Amino acid sequence: MTQIASRVERLAISQTLAMSQKSRELQEKGADVINLSVGQPDFPTPDHIKEAAIEAINQNFTGYTPVPGYGDLLDAIAAKLKRDNQLTYAPNQIVVSNGAKHSLANILLTLVEEGDEVIVPAPYWVSYVELVKLAEGTNVVVPTTLEESFKITPEKLRAAITPKTKVMFLCSPSNPTGSLYTRDELKAIADVVKEADHPIYIISDEIYELINYQGKHESIAQFDEIKDQVIIVNGVSKGYSMTGWRIGYIAAPEWIAKACNKVQGQMTSGAGSISQRASIAALNGDHEPTKKMLDAFKKRRDLVVEGVKDIPGFEANVPQGAFYLFPKVESLFGTRYEEYTINNANDLCMYLLEEANVAMVPGEAFGAPGYLRLSYAASEEELKEALARVKEAVKKLYK
Ligand SMILES: Cc1ncc(COP(=O)(O)O)c(C=O)c1O
């Protein structure tokens, strides 16, 4: 009999981490694994940000921090929201946390309880559904397809809303699909949410804001009629290549920010002092390194989009943001090679890891079993080699 609480028993282990673990094991045995399963930019944090952190240490920013974040970081975030998104938030509407994942956990603990339904458009980022379970809520997963560019339509959203709906997720640019919602699409979603006869809160995950190949970032918080039901989640992890620094934030109605502050005050206190000082430099400083990173990602995106066209059974669209491709692979289900039988994306990813030494993440992890996720946060040489290997391995499969 296990002593572990049921809320933890219900949690799944992150499949993205499971795939990384398996590829590490193969690497330790000497295999030349190309890892396309990772969710972080393969660039170092820009120098001016690192220097700000060193400066912070030398200036003894080493004590506890205010729970919602240093005042000048809150100011920098408010200024960023004004400058980049034309959104007005006061510092007391912002809470800084230990990464955007922590921000998401705070919001769900703040808003969701047993009996509440949370609408999760799929493919979704792995942690959404698990955090909803931790908050004792019920996931209402709404599948979308490649043909819909993986975006929830107003009709599908309307059909998913019930009197119990408390929260919905939106993620644009999206992990795992790279899709972007246009302004008009966001407006249509805002209209459906506004039509509901009780308030539904939108968690707008904008962590990939700066990795956008299309142009202007659009936030659903721009529509005044819905702004007081939107919680923006963002952070420095992806756009400034700072995943290890662990700084995320929310911008929300004041009462939600206050409640998140209360949760965080008891759970973790304020985020790390050095990382907060570095984040001020990131937000206020030179964005040239981010632009260079974006150019590199765009070249790689084009490379993988072209490359997968030559892989039999892979069908993909052109992602407009983030650094992932999400090809449909279900036509390969029911094939085999030697001791391998491919019944699902899990089997396919395991086969490609063992036969081609290329690690990717099966769509099951994102609530989309007919697909897999390929991260192109890797060098062009690695990407070319990986695509060639995958093509060879897939060609060996037969019905
Ligand atoms: C869609 C999405 N939201 C949130 C996060 C969490 O970001 P952080 O590293 O700041 O916790 C990630 C990280 O992979 C992500 O892909």
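Provided above is the structure to which this section pertains.
Residues numbered from 1 in each chain as written. Predicted model: local features only at pLDDT ≥ 70, side-chain atom pairs only at ≥ 80, totals over all residues. Heavy atoms only, no water.

Draft legend 1. Inspection of the overall build of the chain at higher detail. Of the regular secondary structure elements, the chain holds 13 helices and 14 strands. Against the 2.2 N^0.38 benchmark of 21 Å for 399 residues, the chain shows a C-alpha radius of gyration of 21 Å, consistent with a compact globule. Dimensions of the chain, computed from the C-alpha atoms along their principal axes, are close to 60 × 55 × 50 Å. Excluding contacts between residues fewer than 6 apart, the proportion of contacts in the chain whose partners are at least 24 apart in sequence is 75%. For the chain, the exposed surface amounts to about 17000 Å²; the carbon and sulfur share of it is 52%. Charge-centre separation for the chain: the mean point of 42 positive side chains lies 1 Å from the mean point of 52 negative side chains. (Helix = DSSP H or I, 4+ residues; strand = E, 2+ residues; numbered from the N terminus. Rg over C-alpha atoms; globule rule 2.2 N^0.38 Å. Contact = heavy atoms within 4.5 Å. Areas by Shrake-Rupley, 256 points an atom, 1.4 Å probe, with all protein chains shown as cover. Lys, Arg positive; Asp, Glu negative; His and termini not counted. Charge placed at Lys NZ, Arg CZ, Asp CG, Glu CD.)

Draft legend 2. Representation of unusual backbone geometry within the structure. In this structure, the amide linkage connecting Ala122 to the following residue, Pro123, adopts the cis form with an omega of 0°. Turning to its location among the elements, Pro123 is positioned in the loop between strand 3 (117-122) and helix 6 (126-134). Residues Asn175 and Pro176 are joined by a peptide bond in cis, for which omega reads 20°. Take Pro176: it is sitting in the loop between strand 5 (165-171) and helix 8 (183-195). If you check the backbone angles, Phe150 has positive phi at about 60° while not being a glycine. Tracing the sequence through the fold places Phe150 in the loop between strand 4 (138-143) and helix 7 (154-160). Residue classification places Phe150 among the buried positions, given a relative accessible area of 6%. For Asn357, which is not glycine, the phi dihedral falls at a positive 55°. Residue placement: Asn357 occurs in the loop between helix 12 (345-356) and strand 12 (358-359). Given a relative accessible area of 16%, Asn357 falls into the buried group. (Buried < 20%, exposed > 50% of the residue type's maximum accessible area, 1.4 Å probe, protein only.)

Draft legend 3. Just the pairing of strand 7 (residues 230-235), in detail. With six of six residues buried, strand 7 lies mostly within the body of the structure. Residues Val230, Ile232 and Asn234 point to one face of strand 7 and Ile231, Val233 and Gly235 to the other, with burial holding for every one of them. Of the pairings in the sheet, the one linking strand 6 (residues 201-205) to strand 7 comprises four bridges and is parallel in character. Looking at strand 7, one finds that Ser204 is bridged to Ile232. (Pairing = 2+ DSSP bridges.)

Draft legend 4. Local environment of the packing of helix 3 (residues 47-58) against helix 10 (residues 273-284). The interhelical angle for the contact between helix 3 and helix 10, taken along N-to-C directions, is 140°, at an axis separation of 8 Å. Judged on the interaxial angle alone, helix 10 and helix 3 are oblique. As helix 3 packs across helix 10, the resulting crossing turns out to be right-handed. Two secondary-structure elements touch here, helix 3 through His48, Ile49, Ala52, Ala53, Ala56 and Ile57 and helix 10 through Ile274, Arg277, Ala278, Ala281 and Ala282. A breakdown of the residues in the contact of helix 3 with helix 10 according to their chemical character gives nine nonpolar, one polar and one charged. (Axes fitted to C-alpha atoms, helices over the stretch in contact; angles between N-to-C directions. Parallel < 35°, antiparallel > 145°, perpendicular 65-115°, else oblique. Left-handed = near helix turned anticlockwise from the far one by under 90°. Nonpolar A, V, L, I, M, F, W, Y, C, P; charged D, E, K, R; others polar.)

Draft legend 5. Fine view of the pattern of salt bridges. Under the defined criterion, the tally for this structure stands at 24 salt bridges. Here Glu195 makes a salt bridge to Arg158, at a shortest N to O gap of 3.1 Å. Residue Glu195 is located in helix 8, and its partner Arg158 is located in helix 7; the two are separated by 37 residues in the primary sequence. Measuring nitrogen to oxygen at the nearest pair gives 2.8 Å for the salt bridge that ties Lys309 to Glu306. Owing to a relative accessible area of 56%, Lys309 belongs among the exposed residues under this scheme. Connected via shared salt-bridge partners are Lys80, Arg83, Asp84 and Glu209. (Salt bridge = Lys/Arg side-chain N within 4 Å of Asp/Glu carboxyl O.)

Draft legend 6. Structural view of the layout of surface pockets. Roughly 270 Å³ of internal volume is contained in the second largest pocket. Lining the second largest pocket are Asp84, Glu209, Leu210, Asn212, Gly215, Lys216, His217, His287, Thr290, Lys291 and Leu294. Here the lining of the second largest pocket takes three residues from helix 11 (residues 288-308), the largest share from any one element. The residue inventory of the lining of the second largest pocket, partitioned by class, reads two nonpolar, five polar and four charged. (1 Å grid on protein atoms, 1.4 Å probe; cavity = no way out; pocket = protein on both sides within 12 Å on 5 of 7 lines; lining within 4 Å. Points joined across faces, edges and corners; volume = space filled by probe spheres on them.)

Draft legend 7. Representation of helix 4 (residues 71-85). Its 15 residues give helix 4 an end-to-end C-alpha distance of 20 Å, which sits within 8% of 21 Å, the value for a rise of 1.5 Å per residue. Of the surrounding secondary structure, the elements contacted by the buried residues of helix 4 are strand 2 (94-97), strand 7, strand 8 (248-251) and helix 10. Downstream of helix 4 by one or two residues, Gln86 has phi in the positive range, about 55°. (Expected span 1.5 Å × (residues − 1).)

Draft legend 8. View of the sheet that holds strand 14 (residues 372-375). Judged by pairing direction, the sheet is antiparallel, and its three strands sit side by side in the order 9-14-13 without closing on themselves. Lying at the two open borders of the sheet, with one neighbouring strand each, are strand 9 (324-325) and strand 13 (361-362).

Draft legend 9. Quick look at the site of the ligand. Not every one of the 13 residues close to the ligand is listed here, only the nearest: Asn175, Asp205, Ser237, Lys238 and Arg246. Taking Lys101, its main chain carries an N or O atom lying 2.9 Å from an oxygen atom of the ligand. Taken together, the residues of the shell around the ligand break down into six nonpolar, three polar and four charged. (Near = heavy atom within 4 Å. Polar contact = N/O pair within 3.5 Å; in protein donor to acceptor, adjacent residues only side chain to side chain.)

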